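Read off the chains here:
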Amino acid sequence: MSETPGPSQTIVIVGAGHAGGRAAQALRTAGFAGRVVLIGAEKYPPYERPPLSKELIVTDAGLEKARLHDPAWYEQNKIELMLGAPVTAIDRAVKRVTLAGGAAVSYDKLLLTTGARVRKLPLPGADLPGVFYIRDFDDTQAVRARLKDGVKVVVIGGGFIGLETAASSRKRGAVVTVLEAADRLMGRAVATEIGAWFKALHEKHGVAVRLGVTITAIEGADKVERVVLGGGEAVPADLVVVGIGIVPNVELAMAAGLEVSNGIAVDEFGRTADPAIWAAGDCALQPNAFLGRKLRLESYQNAQDHAMAVARNMIGEPKAYEDSLWVWSDQHDVNLQMTGMPEGYDALVWRGDPAAGAFMVFYMKEGRIAAINTVNLGREMKPAQRLMQSRKVFEPAQLADPNVRLLKLGKE
Ligand SMILES: Cc1cc2nc3c(=O)[nH]c(=O)nc-3n(C[C@H](O)[C@H](O)[C@H](O)COP(=O)(O)OP(=O)(O)OC[C@H]3O[C@@H](n4cnc5c(N)ncnc54)[C@H](O)[C@@H]3O)c2cc1C
């Protein structure tokens, strides 16, 4: 049996993002009566990031649309919020974190939910005014303020964030070009065929999509004016939005001597090798039994579910966490959902009609389902996911037949 911390205990959470906010909530819901200190580098209380590239660009909604809790919730639940206060060091010997201003907070247990930051474009001109990234609310505000009819936006990177930003910018009347180095869109997440379907979707909505391009520089006199491609061609730009991935915030953990690679290494309970320190969300490298390996996830659902599970583990009987590997993206009028890992598959099974705009794809590996995409067919995701998790061998013809109900197939 694990020891349940008493009311005199302090749990410090470093990183007041989605994972941090949900962890604080889970501690109180599970009855933890001790001190909870939630420390964040940003000046805002925890909020969800998905709207940053979607409705918060398209509409004039403010942060209240995305925040996890009302401001009063923190006081009501006795969550001590310390914002605009990056933690600069963890002293594991005395169980204390130090903040940028020099203040220190002692902990009995520490949860790291430091998330990730954007990968910067390593090119000449990338620091010119007019070059933006989208990771936090201020980024979105800055981009949105510049989006008007006819403004030329060049998006660098054809992954989720880039493509969502492209779609949202179009909705605000911008002239949008997406530049992608690979020969397909969302290459890490979906099959070439799905990438091609989305390329056509963007083009239908007036986005120019250019694949296989090399970018050599961003140029302009005192602000962005153009993006220069490998062959010397210049793509005019009033605004550049870069979406080329993220890197986990692991430096704090690394400096404290914790095991770190592509994320802070944790076990299935969210524990690091230090019995007083846990990690969750985008910053954590966690085991996944379905895949049979460790991985670092960058998803809303993981940020939420992992953080809450780990928070409960910190105060109660530890229970292994297994992420469902589910993510979504909204682009134009299309909802894409993905589960599993689309790697090493040997066949794609299509269900529904791509031309009709609602369909799904099963990624098959030796007869089993390795991954699934739904396009405007989210209601099929849950029953399909159950088929995948069953690890049973399925007849492709059955999966493809819209008259065979997935729910029923799962019960056979
Ligand atoms: C624009 C955008 C759109 C997205 N859309 C989707 C989507 O459609 N679907 C989906 O599944 N996922 C989406 N995601 C991903 C999802 O939002 C993230 O996976 C999730 O936010 C991760 O939460 P987190 O709390 O682990 O990390 P983060 O959100 O990165 O939060 C970590 C927090 O910790 C703070 N911090 C870091 N270091 C320190 C320190 N030393 N001291 C104090 N604070 C620190 C950071 O400032 C940050 O506020 C999107 C992400 C972005 C940026």
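Refer to the structure presented above.
What this report covers is the structure whose coordinates are included nearby. Keep in mind that this is a model prediction, so the values were computed, not measured.

This part takes up the overall build of the protein. Counting its secondary structure elements, the protein contains 11 helices and 27 strands. Whereas a compact globule of 412 residues would reach a radius of gyration of roughly 22 Å, the protein reaches 23 Å, a difference of no more than 12%. Counting only C-alpha atoms, the protein reaches 65 × 60 × 35 Å along its principal axes. Residues counted as buried form 53% of the 412 residues belonging to the protein.

Burial of nonpolar side chains together is a common tendency in soluble globular proteins. Core analysis: the largest hydrophobic core is formed by 44 residues, its most contacted members being Val 153, Val 190, Ile 194, Phe 198 and Tyr 363. Ranked by residue count, the leading element in this core is helix H6 (residues 192-204), at four residues.

On to the site of the ligand, then. Taken together, 35 residues sit near the ligand, with Glu 42, Arg 49, Lys 54, Arg 135 and Asp 282 positioned nearest. Arg 135 is positioned such that a nitrogen or oxygen atom in its side chain is 2.7 Å from an oxygen atom of the ligand. Considered on its own, the ligand offers 1000 Å² of accessible surface; in the complex 92% of this is hidden by protein. Looking at the shell around the ligand, the elements with two or more residues in it are helix H1 (18-29), helix H5 (160-171), helix H8 (300-315) and strand S23 (326-331). Here the residues of the shell around the ligand sort into 17 nonpolar, 11 polar and seven charged.

Judged by pairing direction, the sheet is antiparallel, and its five strands sit side by side in the order S23-S24-S27-S26-S25 without closing on themselves. One side of each edge strand has no neighbouring strand; the edge strands of this open sheet are S23 and strand S25 (347-353). Shown here is a sheet whose adjacent strand axes are inclined to one another by a mean of 15 degrees, direction ignored. Pairing between strand S24 (residues 334-340) and strand S27 (residues 368-375): five bridges, direction antiparallel. Bridging from a neighbouring strand, Thr 339 pairs with Ile 372 of S27.

Right, let's talk about a positive patch on the surface for a bit. Taken together, the side chains of Lys 382, Arg 386, Arg 405 and Lys 411 make up a positively charged region of the molecular surface. Considering the arrangement of structural elements, one finds Lys 411 in helix H11 (residues 406-411).

On to the environment of Ile 215, then. Residue position: Ile 215 is located in strand S13 (residues 215-219). In this structure, Ile 215 is in contact with Leu 123, Ile 156, Leu 179, Val 227, Val 228 and Leu 229, ignoring residues within four places of it in sequence.

Turning to the sheet that holds strand S22 (residues 293-296), a few remarks are in order. Sheet architecture is open: four strands sit in the order S18-S19-S21-S22, paired in mixed fashion. Every other strand in the sheet has two partners, leaving strand S18 (260-261) and S22 as the edge strands with one partner each. Inspection of the sheet shows strand S19 (residues 263-265) paired to strand S21 (residues 284-288) by two bridges, in the parallel sense. Looking at the pairing, Ala 265 lines up with Leu 285 of S21.

Further remarks concern H6. Over its 13 residues, H6 extends 18 Å from the first C-alpha to the last, a length consistent with the 18 Å expected when each residue adds 1.5 Å. Turning to H6, its buried residues are Ile 194, Gly 195, Trp 197, Phe 198, Leu 201 and His 202. When H6 is viewed along its axis, its buried side chains cluster within an angular range of 160 degrees and face the same direction. The positive-phi residue at the C-terminal boundary of H6 is Gly 206, with phi of around 90 degrees.

Calculation rules
Residues numbered from 1 in each chain as written. Predicted model: local features only at pLDDT ≥ 70, side-chain atom pairs only at ≥ 80, totals over all residues. Heavy atoms only, no water. Helix = DSSP H or I, 4+ residues; strand = E, 2+ residues; numbered from the N terminus. Rg over C-alpha atoms; globule rule 2.2 N^0.38 Å. Buried < 20%, exposed > 50% of the residue type's maximum accessible area, 1.4 Å probe, protein only. Core = buried A, V, L, I, M, F, W, Y, C linked by side-chain atoms within 4.5 Å. Near = heavy atom within 4 Å. Polar contact = N/O pair within 3.5 Å; in protein donor to acceptor, adjacent residues only side chain to side chain. Areas by Shrake-Rupley, 256 points an atom, 1.4 Å probe, with all protein chains shown as cover. Nonpolar A, V, L, I, M, F, W, Y, C, P; charged D, E, K, R; others polar. Pairing = 2+ DSSP bridges. Axes fitted to C-alpha atoms, helices over the stretch in contact; angles between N-to-C directions. Patch = residues over 30% accessible without salt bridge, like charges linked within 9 Å, V, L, I, M, F, W, Y side chains within 5 Å. Salt bridge = Lys/Arg side-chain N within 4 Å of Asp/Glu carboxyl O. Lys, Arg positive; Asp, Glu negative; His and termini not counted. Charge placed at Lys NZ, Arg CZ, Asp CG, Glu CD. Contact = heavy atoms within 4.5 Å. Expected span 1.5 Å × (residues − 1). Arc of directions from axis to C-beta.

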